[in-house]
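Topology and contacts: notes
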Amino acid sequence: MSQVHLIDHPLVQHKLTLMRRKDASTSSFRRLLGELSSLMAYEVTRDMPMQDIEIETPLETMTSKVIDGKKLVLVSILRAGNGILEGMLSVVPGARVGHIGLYRDPKTLTAIEYYFKMPGDMQDRDIVVVDPMLATGNSAIAAVERLKEMNPRSIKFVCLLTCPEGIGALQAAHPDVPIYTAAIDRQLDSHGYILPGLGDAGDRIFGTK
Ligand code: URA
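Residues numbered from 1 in each chain as written. Predicted model: local features only at pLDDT ≥ 70, side-chain atom pairs only at ≥ 80, totals over all residues. Heavy atoms only, no water.

1. Some words on the overall build of the protein
Quick note on the threshold: Helix numbers and strand numbers start at the N terminus; a helix is a DSSP run of H or I with at least 4 residues, a strand a run of E with at least 2. Using C-alpha atoms as the atom set, the radius of gyration is obtained and then compared with a globule rule of 2.2 Å times the number of residues to the power 0.38. A simple rule labels every residue: compare its accessible area, found with a 1.4 Å probe on the protein chains alone, to the largest value its type can have, and call it buried under 20%, exposed over 50%, or partly exposed in between. For the area figures, the Shrake-Rupley method with a 1.4 Å probe applies, and any residue is considered shielded solely by the protein chains shown.
Along the backbone of the protein there are six helices and 14 strands. In terms of C-alpha radius of gyration, the protein reaches 18 Å, essentially the compact-globule figure of 17 Å for 209 residues. The buried share of the protein, taken over its 209 residues, is 45%. Accessible surface for the protein amounts to roughly 11,000 Å². Of this, 52% is attributable to carbon and sulfur atoms.

Encoded structure:
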């Protein structure tokens with residue numbers, strides 16, 4: 001089974017609590033999501049490969065470490081995933097960005113792809129898929145399946161919130177993909193919402209309700 005990384009840093013937990021409140025405004029929800037995404041990026045990039053380069057300090061030459069941000073691709077599952085991009089890019093500004101759009105077929109309930117745009121040379125890149133909510137897992141599973149066709153070096157999945165059902169589904173379909181989350185909530189309701197959750201992430205980010 002893939003690993004589940006629960007990011008329980010007090011700053012992350014504090015901001016998530018503020019976001020969950022139903023009276024949080026669109027602007028504060030979006031700002032908190034940005035801050036939280038930057039904090040989560042620290043954890044997600046912890047094992048990123050580094051290389052030694054030679055630099056000149058004001059006093060002497062030394063060998064020092066850098067990451068190759070260009071090898072990293074943040075893949076946003078539209079549309080709510082876009083709420084995570086900016087915060088993560090503030091920490092890894094060299095990262096490339098891909099977008100994947102999926103909708104649920106009302107008859108078959110399967111995820112249908114309507115948009116897919118990735119950088120080139122995906123076989124040399126490490127992918128971080130972002131979506132605030134890992135609920136039924138259907139979009140996450142379909143997105144990872146599609147991305148695996150491109151043979152990337154690695155794939156991680158990052159969400160703000162998930163539940164046992166979402167974790168179980170993604171782990172069963174993709175046991176090699178680690179999951180990073182700030183919380184594991186109690187359960188899904190009959191409409192596929194996470195309880196207690198924070199409501200519809202896309203609507204709360206974009207103010208569309
Ligand atoms: N998507 C959301 O935006 N919220 C949920 O609770 C579940 C899926």
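That was the structure; now back to the text.
2. A word on the sheet that holds strand S7 (residues 126-130)
So the rule is basically this: Note on pairing: two strands pair once DSSP finds at least 2 bridges between them. Between N-to-C directions, angles cover 0 to 180 degrees, with each direction set by a line fitted to C-alpha atoms, over the stretch in contact for helices.
Strands sit in the order S1-S11-S9-S7-S4-S5-S6 across an open sheet of seven strands; the sheet is mixed. Of all strands in the sheet, those bounded by a partner on one side alone are strand S1 (4-6) and strand S6 (111-117). Put simply, the sheet's adjacent strands are angled 25° from each other on average, direction ignored. The pairing of strand S4 (residues 72-77) with strand S5 (residues 96-104) spans five bridges and is parallel.

3. Looking at helix H1 (residues 10-20)
Just so we agree on the cut-off: Working definition: the arc comes from the directions between the helix axis and the C-beta atoms, pointing outward to the latter.
When H1 is considered as a whole, its buried residues turn out to be Val12, Lys15, Leu16 and Met19. Looking straight down H1, one finds that the buried residues subtend no more than 105° of arc, so they occupy a single side.

4. Notes on the nonpolar core
This is how it is decided: Working definition of a nonpolar core: buried Ala, Val, Leu, Ile, Met, Phe, Trp, Tyr and Cys residues. They are joined through side-chain atoms within 4.5 Å. The contact criterion used throughout is that any non-hydrogen atoms of two residues lie within 4.5 Å.
Leu16, Met40, Met88, Val158, Leu160, Leu161 and Leu198 are the most contacted members of the largest nonpolar core, which totals 36 residues. Looking at this core, the elements with two or more residues in it are H1, helix H2 (26-44), S4, helix H3 (82-91), S7 and helix H6 (201-206). For this core, the leading source of residues is H2, giving seven residues. Contacts of Leu198, omitting those with residues within four sequence positions, involve Leu16, Met19, Arg20, Phe29, Met133, Leu160, Leu161 and Arg204. In this structure, Val75, Leu102, Ala140 and Leu170 belong to the second largest nonpolar core, which totals 23 residues.

5. Regarding the site of the ligand
Which entries qualify depends on this criterion: Only a single heavy atom is needed: when it lies within 4 Å of a molecule or strand, its residue is near that molecule or strand. As used in this structure description, the phrase polar contact means that two N or O atoms lie within 3.5 Å; if the pair is within protein, one of them must be able to donate a hydrogen and the other to accept it, and residues adjacent in sequence are counted only when both atoms belong to side chains.
Near the ligand you find Met133, Ala135, Gly192, Tyr193, Ile194, Gly199, Asp200 and Ala201, and these make up its full shell. Gly199 is positioned such that a nitrogen or oxygen atom in its backbone is 2.8 Å from a nitrogen atom of the ligand. A distance of 2.7 Å is found between an oxygen atom of the ligand and a backbone nitrogen or oxygen belonging to Ala201. The protein chains hide 83% of the 230 Å² of surface that the ligand would expose on its own.

6. What about the packing of H2 against H3?
For clarity, the cut-off: Relative orientations are named as follows: roughly parallel for angles under 35 degrees, roughly antiparallel for angles over 145 degrees, roughly perpendicular for angles from 65 to 115 degrees, and oblique for any other angle. What makes a crossing left-handed is the near helix being turned counterclockwise from the far one by less than a right angle; a clockwise turn instead makes it right-handed.
For the pair H2 and H3, the least separation of the axes is 7 Å and the interaxial angle reads 50°. In terms of orientation, H2 lies oblique with respect to H3. The two elements H2 and H3 cross, and the hand of that crossing is right-handed. Along the contact surface, H2 presents Leu33, Gly34, Ser37, Ser38, Met40 and Ala41, while H3 presents Gly83, Ile84, Gly87, Met88, Ser90 and Val91.

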